[in-house]
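Analysis of the macromolecular model
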Amino acid sequence: MAAPMLEIRDVHASVGDKPILKGVDLVANAGEVHAIMGPNGSGKSTLANVLAGRPNFTVTQGQVHYMGRNLLAMKPEDRAREGVFMAFQYPVEIPGVNNAYFLKSALNAMRRYRGEEELDAIEFLSLIEEKLKLLGLDESFTKRGLNEGFSGGEKKRNEIFQLLVLQPKLAILDETDSGLDIDALKIVANGVNMMRSPERTTLLVTHYQRILNYIQPDVVHVLVDGRIVKSGGNELAHELEKHGYAQFEAAAKVA
Amino acid sequence: MTDADPRQAYVDDFSKFEREAPGADLPWLRDLRRSAMARFRDRGFPTLKEEEWKYTSVAPIARTTFRRAPAASDGVAREDVERIAFHGFRGHQLVFVNGRLDPHLSGVGALPEGVQIRRLEEALEGDPALVERHLARHAAFDRQPFAALNTAFWEDGAFVHVPKGVAVPEPIHLVFLSKPQHEPTVVHARNLILIDEGAVAIVVESYAGWGDGLYFTNPVTEVVVGDEAVFNHYKLQRESEKAFHIGVLQILQGRASNVTDNSLALGGGLVRNDVNTWFADEGGELNLDGLYVVGGRQHVDNHTRIDHAKPHCTSFELYKGILDGHGRAVFYGNIVVHKDAQKTNAMQTNKNLLLSRDALVDSIPGLQILANDVKCRHGSSIGHMDEEQVFYLRSRGLDEETARSLLTYGFAAEVVNRVRVLPLRAALGAWILSRLPASAAVSDAVREGL
Ligand SMILES: Nc1ncnc2c1ncn2[C@@H]1O[C@H](COP(=O)(O)OP(=O)(O)OP(=O)(O)O)[C@@H](O)[C@H]1O
Ligand SMILES: [Mg+2]
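Computed from a predicted model, the values in this text were never measured in an experiment. (Residues numbered from 1 in each chain as written. Chains lettered and ligands numbered in written order. Predicted model: local features only at pLDDT ≥ 70, side-chain atom pairs only at ≥ 80, totals over all residues. Heavy atoms only, no water.)

**Some details on the overall build of chain B**
Operational definition: Counting from the N terminus, the helices are the DSSP runs of H or I reaching at least four residues and the strands are the DSSP runs of E reaching at least two. Each radius of gyration reported is based on C-alpha atoms, and the globular scaling rule is 2.2 Å times the count of residues to the power 0.38. Note on classification: 1.4 Å probe, protein chains only; a residue is buried when its accessible area is under 20% of the maximum for its type, exposed when over 50%, partly exposed between these limits. Contacts are assigned to residue pairs that have any heavy atoms within 4.5 Å of one another. To be clear on the numbers: accessible area is Shrake-Rupley with a 1.4 Å probe, and residue cover counts the displayed protein chains and nothing else. When charges are tallied, Lys and Arg are placed among the positive residues and Asp and Glu among the negative ones, while His and the ends of the chain are skipped. To locate a charge, the coordinates of NZ of Lys, CZ of Arg, CG of Asp or CD of Glu are taken.
The number of helices and strands found in chain B is 11 helices and 23 strands. Its C-alpha atoms give chain B a radius of gyration of 21 Å, near enough to 22 Å, the size a compact globule of 450 residues would have. For chain B, the C-alpha atoms occupy an extent of roughly 70 × 55 × 50 Å along the three principal directions. Within chain B, the proportion of its 450 residues that are buried is 62%. The long-range share in chain B, meaning contacts at least 24 apart out of those at least 6 apart in sequence, stands at 83%. Of the roughly 17100 Å² that chain B leaves accessible, carbon and sulfur atoms contribute 49%. Across chain B, the 50 positively charged side chains and the 60 negatively charged ones have centroids separated by 3 Å.

**Remarks on the interface of chain B and chain A**
Our working definition: Summed over both partners, buried area is the accessible surface (1.4 Å probe) that two parts give up on being assembled. For salt bridges, the criterion is a side-chain nitrogen of Lys or Arg within 4 Å of an Asp or Glu carboxyl oxygen. Throughout this description, a polar contact denotes any pair of N or O atoms lying within 3.5 Å of each other; where both atoms belong to protein, one of them has to be capable of donating a hydrogen while the other can accept it, and for residues adjacent in sequence the pair is counted only when both atoms sit in side chains.
Each partner contributes residues to the interface: chain B has 20 residues there, and chain A has 34 residues. Considering only the surface of chain B that becomes buried against chain A, Phe-391, Tyr-392 and Arg-396 of chain B emerge as the three largest contributors, covering 34% of it. Where chain B touches chain A, the interface holds 3 salt bridges. Across the pair Glu-388 of chain B and Arg-54 of chain A runs a salt bridge, and its minimum N-O distance is 2.7 Å. Along the contact surface separating chain B from chain A lie 11 residue pairs in polar contact (both at pLDDT 80 or more).

**Points about the coordination of the magnesium ion (ligand 2)**
Here is the rule we go by: Because water is not among the atoms used, a metal site may look incomplete, as its donors are only the N, O and S atoms within 2.8 Å, or 3.2 Å for Na, K and Ca.
For the magnesium ion (ligand 2), every protein donor is listed as Ser-45 of chain A (OG) and Gln-89 of chain A (OE1), and the spread of their distances is 2.0 to 2.2 Å. Pair noted here: Ser-45 of chain A is in helix H1 (residues 44-52) and Gln-89 of chain A is in the loop between strand S6 (84-87) and strand S7 (94-98), with a separation of 44 residues, a long-range link.

**Some words on the sheet that holds strand S9 (residues 200-209) of chain B**
Hydrogen bonds between backbone groups are what pair the strands of a sheet, and the pairing can be parallel or antiparallel. Residues and elements named next belong to chain B. The cut-off we apply is this: A pair of strands is treated as paired once DSSP finds two or more bridges between them. A fitted line through C-alpha atoms represents every axis, and for helices the fit uses only the stretch in contact; the resulting angles, taken between N-to-C directions, go from 0 to 180 degrees.
On the basis of which strands lie adjacent, the open sheet formed by 10 strands has the order S3-S2-S6-S9-S12-S14-S16-S18-S20-S23 and mixed pairing. Since the sheet does not close on itself, it has two edges, and those belong to strand S3 (100-101) and strand S23 (375-384), each with one partner. As judged from the 6 bridges shared by strand S2 (residues 92-97) and strand S6 (residues 172-178), these two strands associate in the parallel manner. Looking across to S6, one finds that Phe-96 is bridged to Phe-176. In the packing of helix H9 (residues 400-416) onto the sheet, contacts are made with strand S14 (258-265), strand S16 (285-294), strand S18 (314-323) and strand S20 (345-354), and the angle to S18 comes to roughly 155°. In this fold helix H10 (residues 422-434) packs onto S9, strand S12 (230-238), S14 and S16, with an angle of close to 30° to the strand it touches most, S12.

**Topic: empty space enclosed by the protein**
Gaps between atoms show up when a probe of the same size as a water molecule is rolled over them. Residue and element names in this part refer to chain B. How we decide: Within this scheme a cavity is a closed region of a 1 Å grid, computed over the protein atoms alone, that accommodates a 1.4 Å probe without allowing it to escape, whereas a pocket is open but has protein on both sides within 12 Å along at least five of seven lines; lining residues each have an atom within 4 Å of a point. Grid points are joined across faces, edges and corners, and a volume is the space filled by probe spheres set on the points. For this scheme, ten residues count as nonpolar: Ala, Val, Leu, Ile, Met, Phe, Trp, Tyr, Cys and Pro. Four count as charged, namely Asp, Glu, Lys and Arg, and the remainder, Gly too, count as polar.
Across all of its chains, the model carries 5 cavities of 30 Å³ or more by this definition. The calculated volume of the largest cavity comes to roughly 60 Å³. Ala-69, Asn-98, Gly-99, Arg-100, Phe-153, Glu-155, Asp-156, Val-186, Val-187, His-188 and Ala-189 together form the lining of the largest cavity. Taken together, the residues of the lining of the largest cavity break down into 5 nonpolar, 3 polar and 3 charged. Considered as a void within the structure, the second largest cavity measures approximately 40 Å³ in volume.

**Remarks on the pairing of S16 of chain B**
Residues and elements named next belong to chain B. Counting buried positions over the 10 residues of S16 gives 9, a clear majority of the element. In this structure, S14 lies alongside S16, joined through 8 bridges in parallel fashion. When the sheet's bridge partners are listed, Asp-261 is paired in S16 with Leu-288. Inspection of the sheet shows S16 paired to S18 by 10 bridges, in the parallel sense. Each residue of the ladder has a partner; that of Tyr-292, found in S18, is Gly-321.

**Here's the deal with the packing of aromatic side chains**
All names here are of chain B. Note the cut-off: Within 6.5 Å between ring centres, the rings of Phe, Tyr and Trp (the latter by its six-membered ring) count as paired, and their orientation is classed by plane angle as stacked under 30 degrees, edge-to-face over 60, tilted in between. Both a distance and an angle decide whether a charge sits over a ring: NZ of Lys or CZ of Arg must be within 6 Å of the ring centre and within 35 degrees of the ring normal.
Taken as a whole and judged by the stated rule, the model has 19 aromatic pairs over all chains. Here Phe-14 and Phe-153 contribute two aromatic rings whose centre-to-centre distance is 5.7 Å and whose plane-to-plane angle is 85°, an arrangement assigned as edge-to-face. Of this pair, Phe-14 sits in helix H1 (residues 6-20) while Phe-153 sits in helix H7 (residues 145-153), placing them 139 residues apart in sequence. The two residues Phe-14 and Phe-153 agree in class, both being buried. Centroid distance Phe-86 to Phe-89: 6.0 Å. Interplanar angle 75°. Geometry classified as edge-to-face. Of the two residues, Phe-86 and Phe-89, both sit in the buried class. In textbook terms, an aromatic cluster arises when at least three aromatic residues are bridged by ring pairs, as seen for Tyr-10, Phe-14, Phe-17, Phe-40, Phe-45, Trp-53, Phe-66, Phe-146, Phe-153, Phe-216 and Phe-244. Its end group placed over the ring of Trp-154, Arg-33 keeps NZ or CZ at 4.6 Å from the ring centre. Over the ring of Trp-53 we find Arg-272, and its NZ or CZ is 3.8 Å from the ring centre.

**A word on the environment of Lys-54 of chain B**
Relative to the assigned elements, Lys-54 of chain B resides in the loop between helix H2 (27-43) and helix H3 (59-62). Considering only alpha carbons, one finds Lys-54 of chain B and Val-330 of chain B, 276 residues apart in sequence, at a separation of 9.9 Å.

**Here we look at the pattern of salt bridges**
In this structure the tally under the stated criterion is 41 salt bridges over all chains. Two residues, Asp-13 of chain B and Lys-16 of chain B, come together in a salt bridge whose shortest N-O distance is 3.9 Å. A residue pair is termed a helical-turn pair when its members lie 3 or 4 positions apart in one helix, as Asp-13 of chain B and Lys-16 of chain B do in helix H1 at 3 residues. Taken together, the shared-partner salt bridges in this structure form one network comprising Glu-77 of chain A together with Glu-387, Arg-394, Glu-400 and Arg-404 of chain B.

**A look at the domain arrangement of chain B**
Residues and elements named next belong to chain B. Which entries qualify depends on this criterion: All the domain ranges listed were derived from an automatic or database domain assignment.
Splitting chain B by domain gives domain 1 (8-281) and domain 2 (387-450). Taking only C-alpha atoms into account, the centre of domain 1 sits 32 Å from that of domain 2. Counting residues at the interface gives 15 residues for domain 1 and 10 residues for domain 2. At the boundary of domain 1 with domain 2, total buried surface from both sides reaches about 1000 Å², with 77% on carbon and sulfur atoms. Taken together, the connections running from domain 1 to domain 2 amount to 0 salt bridges. Here domain 1 is connected to domain 2 by 1 residue pair in polar contact (both at pLDDT 80 or more). Those elements giving two or more residues to the side of domain 1 that touches domain 2 turn out to be S9, S12 and S14. The dominant element in the side of domain 1 that touches domain 2, judged by the number of residues it contributes, is S12, at 4 residues.

**With respect to the sheet that holds strand S5 (residues 69-70) of chain A**
Residues and elements named next belong to chain A. Strand order in this open sheet of 4 strands is S2-S1-S4-S5, and the pairing throughout is antiparallel. Since the sheet does not close on itself, it has two edges, and those belong to strand S2 (18-28) and S5, each with one partner. As judged from the 2 bridges shared by strand S4 (residues 57-66) and S5, these two strands associate in the antiparallel manner. Within the sheet, the bridge partner assigned to His-65 lies in S5 and is Asn-70.

**Examining the packing of H9 of chain B against helix H11 (residues 439-446) of chain B**
All names here are of chain B. Condition: Just so you know how the angles are binned, under 35 degrees is roughly parallel, over 145 roughly antiparallel, 65 to 115 roughly perpendicular, and the rest oblique. The hand of a helix crossing depends on one turn: near helix anticlockwise from the far one by less than a right angle means left-handed, and clockwise means right-handed.
Between H9 and H11, whose axes approach to 9 Å, the crossing angle comes to 55°. Classified by the interaxial angle, the pair formed by H9 and H11 is oblique. Crossing hand, H9 versus H11: right-handed. Residues Thr-402, Ser-405, Leu-406 and Tyr-409 of H9 form the contact with H11, whose own contacting residues are Ala-441, Val-442, Ala-445 and Val-446. Its residues assigned to classes, the contact of H9 with H11 shows 6 nonpolar, 2 polar and no charged.

Given below as structure tokens:
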């Protein structure tokens, strides 16, 4: 049998010298969508960033395998080129770097890495045209600085735009649903669903059950105080929506 | 004054020079040169004790004996000029080599009636009254010692006059090349630019040099912009690594005039750049931009002063610096809002990106507000590269070197993209790219943006 897409084993991680993740275990196979829910500060973004390779997020214990390979040994750019993508909870504004040309060079960096032909400007433009339309984004969107002066919702949509263009194998979406109105939420969910395929895996970090009405997860995990305290089906999300995290937080304290 | 006094060599040279200087037979000009020389003799070189010179020591200039640069056109080939030219540039061009116009390298196309683009010395012969009315009347040499030296010793430079209501659509490129000699040389280039009421013009000043000889460029440019005139000015400074460059740009703005100035300091060893503007009437608008890229052991000091002397004027100022190596930069901005300059709108920003631990910036923004109904803001920042941004780019598959280079380019782009003379913008962009470790990858990412 093929190795799982993602295999997280007993991962402990610190930011600076503050321990945040305290033993995370999670296995996700190709084709699956996993939702990760949990209260503020429980370590959801830390986990996402550890997977994406953010410097200064130090894994002090445990292992992560991505398609059977040691993910933690790879540089962030190599993870990206190998098909790992994290949609940032807070996408970074980079004035002076054009949104579209940046994405073109990112795509071409990946294609070069994989030994594929690079796209020229015209090929790239025709590639992005339909994706822009799908996300309800104006063409002027490509002419602006990267996330520069974008509204919260535009930034989130830009992350999904990048997702659709870069076509990763493992997508980690860190609260891409928060701050979106209901129409934008549907658009974003639609984008994520389009990416769903037997070859791809999605980790969906969220606070709210509402996006799970549009994206049906295969597994829901509850992360509290740096540990996954419970995993289950979609019904777990409904339960959390009703009762909150109190029961799990109490349990985490005891443990 | 003793022989060891750095002023002595200038005083001695002046008595010789004034007899052979351009316009030596014009009494007003002789008096002007003499009073400038006297002013310099009394005042001397500035010292670190003076507020305006606190961060920049000109001791290396004071202790060097410079000879006025001899004509050296014979040694300059068209290729030398090509090397620093802007590809695809269509416009008028005056090329000065070691301070003297080289007619073979210059080219002025057909001009609308009445427009003059010529040597200042020629203008002195053709229209001495007009030159007399403006020369050294704006760039105050009593307060600016290097302007005093220039006023005493200038030999040549450009004279641009665009009469009332006339537009010169093509940019006017004034090129000053220095070809250093065996001994240190100095050129005091002097430019006078008169843009009359309702006229429109674009002027690019370029300064460049090559070789590793020591030289000193000490230019002064005075600009008078008439009522409702539109004037775009660029200064591209690409002196060689060892050069001293001390420049003064003085702009006087008439009623409802619109001026942009973009000061691009890329070269030079010890550089001081003064830009002074004065709103002489109401409703003027000014955009004052600058970019300095400083590395190695370069020292680049930008001083700007904007005098809002009249009501209802607007000024936006943005200076950005990129520092690497042991580079050192100074930004000293002063906006003075005079007592009756109500409804002034002024904004001053200085941002610095440090790429190394050893680079250093002094940023001193400043506002002096004497009116009470104004809108004025200023801001300044000095920082290293934002690691969040680096990670964001890497997480999208760009290697670290490319990410850092792209962010550096992106930092400069805000100023680069304000350059409206496209061949100049491209040359500037290419120059910045060529300094970046991952230039090819960055060029790919920004090409269409150029
Ligand atoms: N750069 C940092 N420096 C110090 N502490 C940090 C840093 N980043 C995160 N933390 C801390 O780590 C803990 C977990 O943060 P994390 O962002 O992973 O939580 P989260 O589950 O994503 O929360 P939220 O739901 O609010 O997004 C928090 O206590 C946070 O303050
Ligand atoms: Mg988070």
